[in-house]
Amino acid sequence: MNHKYRAICWLCLTVMTTAGLKYVPTYLIEQRKLDQQDRILDLKERVYLKANGVPTVSNPAPANYKPNSQLL
């Protein structure tokens, strides 16, 4: 009887473990999709920056004003 009990317990444990490994909650699937989209955007950004060079920021020209006036 003891050997049957062990065999049944082992079988149940194996089935439960296998079923648990196959089951993936929906929120994890959605998170994986969002992560993949994020990686795609990162790759597109890298490709764009390599193709066009690093974006630059222009400095405004110095303001010319009369000595008696005020700049806002």
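Lay out the overall build of the chain in plain terms, naming residues and giving numbers.
The number of helices and strands found in the chain is two helices and zero strands. A total of 72 residues make up the chain; the buried ones form 1% of that total. For the chain, the accessible surface area stands at approximately 7,800 Å², while carbon and sulfur atoms represent 62% of it.

Requested: an account of a nonpolar patch on the surface, with residues and values cited.
Taken together, the side chains of Val-24, Tyr-27, Leu-28 and Ile-29 define a hydrophobic patch exposed on the protein surface, amounting to about 350 Å² of accessible area. Mapped onto the fold, Ile-29 is located in helix α2 (residues 26-52).

Hey, could you go over α2 for me, with residue numbers and the actual values?
Taking 1.5 Å per residue as the helical rise, α2 with its 27 residues ought to reach 39 Å, and the 39 Å between its terminal C-alpha atoms agrees with that figure. Positive phi shows up at Gly-53, right after α2, with a value of about 80°.

How would you summarise the pattern of salt bridges if you had to cite specific residues and measurements?
Under the counting rule described, the total for this entry stands at one salt bridge. Residues Lys-33 and Glu-30 are paired through a salt bridge, measuring 3.9 Å at the closest nitrogen-oxygen approach. You can see Lys-33 and its partner Glu-30 sitting in helix α2, three residues apart, about one turn around the helix. Among the residues examined, Glu-30 registers a relative accessible area of 45% and is labelled partly exposed.

About the criteria used
Think of each chain on its own: its residues are numbered from 1, step by step along the sequence as written. The predicted origin of the model limits local features to residues at a pLDDT of at least 70 and limits the giving and counting of side-chain atom pairs to 80 or more, whereas totals for whole chains, interfaces and linings rest on all residues. Side-chain numbers come from the whole structure's heavy atoms, not from hydrogens or water. Secondary structure is summarised from DSSP: a helix means a run of H or I of at least four residues, a strand means a run of E of at least two, and numbering begins at the N terminus for each. Only protein chains enter the calculation, and the probe is 1.4 Å; a residue is then buried if its accessible area is under 20% of its type maximum, exposed if over 50%, and partly exposed in between. The accessible surface values rely on the Shrake-Rupley method and a 1.4 Å probe; as for residues, cover is taken only from the protein chains in view. Residues enter patches when they are more than 30% accessible in relative terms and free of salt bridges; like-charged ones are connected within 9 Å and nonpolar ones (Val, Leu, Ile, Met, Phe, Trp, Tyr) within 5 Å. What counts as a salt bridge is simple: a side-chain nitrogen of Lys or Arg found within 4 Å of a carboxyl oxygen of Asp or Glu. Take the residue count of a helix, subtract one, and multiply by 1.5 Å to get its expected span.

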